[in-house]
Amino acid sequence: EWKSTIASAAPYAEVDWAPWGDKLHFTPGVRVEPYLISLQRRRPANPNFPDLGLYQRDVSVQPRLAVRYAALEGLELEVAAGRYSQPPLADDLSAVFGNPALGVSRGSHLLGSAAYEVRKDVKVEVTVFHTRSERLAARNPAAAPNVAEALIQEGEGRSLGAQFLLRRDKGDGAFFGWLAYTILESERKDSATAAWRPFDYDQTHVLTALGSYDLGAGFEVGARVRLASGFPRTPVTGVYYDARRGTHEPLLGEYNSDRIPLFLQVDARGAKRFDLGGSELEIYLDVQNVTNRENPEEIAYAPDYSERRYVLGLPILPVLGARWSF
């Protein structure tokens, strides 16, 4: 057991400067984020010695800049860049399973986008983005790590991707919805000399389609379709028996070279609104996973690794509810 406290209060400021009317905007900004990290145990508990705590402080100055340009009628271009920071996870500050001395991780983000208004209620957007991260917590590769150094802060990360969005606003019509597709590659390495490999939550393809139609008289129906690549996982290529411990141990293949199967889910919704004078009552029925598809979400193995199966997500799930707003 251990106790950790992470505190922060981050003032920020930005200026929107438009030197040539509304056509061109420069938006510089800065965020100053001090972190205070304290914990009562910097080494594993020992009944023969009192606990020795640890206190850290970090002041992160994070500049950002965005430039927006109305190039043509209905066409807007934007580029943006910035620095970001993030404190360590509380779980990673364990003297047994992590490292109490972990500090703040940092990253740089860069994006460019173009948005075109095809007509008043229809817009197309394309966004390209790139990120770099440093000082990420990673498992110590040493065969016998020092005490309280199960994790080290030498990891690096990078991601590159693009998102395409077609959106229709409701406007004066009865239909609104959007279609979004993201293609992404996110990788990390645990030290400067290690090879790049996919992040544990990397998803190469993500597709979302959503639509809603107002039938009139307070009735509304809608549906959503989500399609996504499965998360990477490390395959088990063999197994051996550890006679000293009496357990079966896996032989692992290349890190994150396998993937959980594709995720696909269709949801539907129907609602009826009632005008109650100064308030509104909505009664709705949400049905998640309409097709009752068995979506794998994780891989589970038998104790001797002779079998493996998938941990499945929720089956079809209808939810009846009401919302009263006034």
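Since this is a predicted model, take the numbers as computed values, not measurements.

Trainee: Please clarify how the pattern of salt bridges should be interpreted in this entry.
Mentor: Side chains bearing opposite charge may pair, as long as their charged atoms lie close to each other. Throughout the structure, instances matching the rule amount to 24 salt bridges. Across the salt bridge formed by R83 and E134, the nearest N and O atoms sit 3.0 Å from each other. Taken together, the positions of R83 in strand 5 (residues 75–86) and E134 in strand 7 (residues 122–139) put the pair 51 residues apart, joining distant regions of the chain. A residue is classified by how much of its surface remains accessible, and R83, at 27% relative accessible area, is partly exposed. With a relative accessible area of 27%, E134 lands in the partly exposed category.

Trainee: Just to check I follow, could you spell out the nonpolar core for this structure?
Mentor: Counting residues in hydrophobic clusters, the biggest one holds six residues: I37, L39, L54, L93, L102 and L151. Once you skip the residues sitting within four places of it in the chain, I37 turns out to touch T5, I6, L54, Y55, Q56, P88 and L93.

Trainee: Teacher, can you tell me more about a negative patch on the surface here?
Mentor: Taken together, the side chains of E14, D16, D22 and E76 define an acidic patch exposed on the protein surface. Along the chain, the position of E14 falls in strand 2 (residues 12–14).

Trainee: Please clarify how unusual backbone geometry should be interpreted in this entry.
Mentor: Backbone phi values are negative for most residues with the exception of glycine, while trans is the configuration of most peptide bonds. Despite not being glycine, N256 has its phi angle at roughly 55 degrees, a positive value. If you check the backbone angles, N289 has positive phi at about 55 degrees while not being a glycine. If you trace the backbone, N289 turns up in the loop between strand 18 (280–288) and strand 19 (296–301).

Trainee: Just checking my understanding: could you explain the layout of surface pockets for this structure?
Mentor: Gaps left between atoms are located by rolling a probe of water-molecule size over the structure's atoms. In this model, the largest pocket occupies a volume close to 970 Å³. Lining the largest pocket we find 35 residues, and of these Q86, L136, A137, R188 and F199 sit closest to its centre. If you list the elements that add at least two residues to the lining of the largest pocket, you get strand 5, strand 6 (105–119), strand 7, strand 8 (151–168) and strand 9 (175–189). When residues of the lining of the largest pocket are assigned to their parent elements, the largest contribution, six residues, is made by strand 7. Taken together, the residues of the lining of the largest pocket sort by class into 13 nonpolar, 13 polar and nine charged.

Parameters and conventions
- Residues numbered from 1 in each chain as written.
- Predicted model: local features only at pLDDT ≥ 70, side-chain atom pairs only at ≥ 80, totals over all residues.
- Heavy atoms only, no water.
- Salt bridge = Lys/Arg side-chain N within 4 Å of Asp/Glu carboxyl O.
- Helix = DSSP H or I, 4+ residues; strand = E, 2+ residues; numbered from the N terminus.
- Buried < 20%, exposed > 50% of the residue type's maximum accessible area, 1.4 Å probe, protein only.
- Core = buried A, V, L, I, M, F, W, Y, C linked by side-chain atoms within 4.5 Å.
- Contact = heavy atoms within 4.5 Å.
- Patch = residues over 30% accessible without salt bridge, like charges linked within 9 Å, V, L, I, M, F, W, Y side chains within 5 Å.
- Areas by Shrake-Rupley, 256 points an atom, 1.4 Å probe, with all protein chains shown as cover.
- Lys, Arg positive; Asp, Glu negative; His and termini not counted.
- Charge placed at Lys NZ, Arg CZ, Asp CG, Glu CD.
- 1 Å grid on protein atoms, 1.4 Å probe; cavity = no way out; pocket = protein on both sides within 12 Å on 5 of 7 lines; lining within 4 Å.
- Points joined across faces, edges and corners; volume = space filled by probe spheres on them.
- Nonpolar A, V, L, I, M, F, W, Y, C, P; charged D, E, K, R; others polar.

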